[in-house]
Amino acid sequence: MADLVVDVDALETFGGQLESIRARMNAARDWTHQYDGQMGAAEVEDALHSFSSGWRDGRKEIDGSLKALSDMLTNSAQTFRQTDEGLKKPLEQPN
């Protein structure tokens, strides 16, 4: 019989890392406009804005997925800790 082993700290850390990625991704929303007028050719600026606009739609999906996965990892770590504590309590009580 195999034992179930879960690195709860790693789950929680990974959840935090995904949330950090999500926050940085969302902070970069309109960075393309800071270069307006500096690209030289209007076609380059238009292409950058087009990319940014299309990326906005994809980013919404990625944001939702990152949020859901981050929440699952963090909640799983919390549940594992609570379960572990609940199983430990009866073993700590004197007979």
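> Would you mind going over the environment of Glu92 with me for this structure?
Its location among the elements puts Glu92 in helix H2 (residues 42–92). Taking the C-alpha atoms as reference, Glu92 lies 36 Å from Glu19; in sequence the two are 73 residues apart.

> Help me out: how do you make sense of the packing of helix H1 (residues 8–27) against H2 in this one?
In the contact formed by H1 and H2, the axes pass within 8 Å of each other and the chain directions differ by 155°. With respect to H2, the element H1 is oriented roughly antiparallel. As H1 packs across H2, the resulting crossing turns out to be left-handed. Split into classes, the residues belonging to the contact of H1 with H2 amount to 13 nonpolar, 5 polar and 8 charged.

> Would you mind going over the side chain of Ser70 with me for this structure?
By the element assignment, Ser70 lies in helix H2. Residue Ser70 is classed as buried on the basis of its relative accessible area, which comes to 4%. Beyond its immediate stretch of four places on either side in the chain, Ser70 contacts Gly15, Leu18 and Glu19.

Each value, and the rule that gives it
- Residues numbered from 1 in each chain as written.
- Predicted model: local features only at pLDDT ≥ 70, side-chain atom pairs only at ≥ 80, totals over all residues.
- Heavy atoms only, no water.
- Helix = DSSP H or I, 4+ residues; strand = E, 2+ residues; numbered from the N terminus.
- Axes fitted to C-alpha atoms, helices over the stretch in contact; angles between N-to-C directions.
- Parallel < 35°, antiparallel > 145°, perpendicular 65-115°, else oblique.
- Left-handed = near helix turned anticlockwise from the far one by under 90°.
- Nonpolar A, V, L, I, M, F, W, Y, C, P; charged D, E, K, R; others polar.
- Buried < 20%, exposed > 50% of the residue type's maximum accessible area, 1.4 Å probe, protein only.
- Contact = heavy atoms within 4.5 Å.

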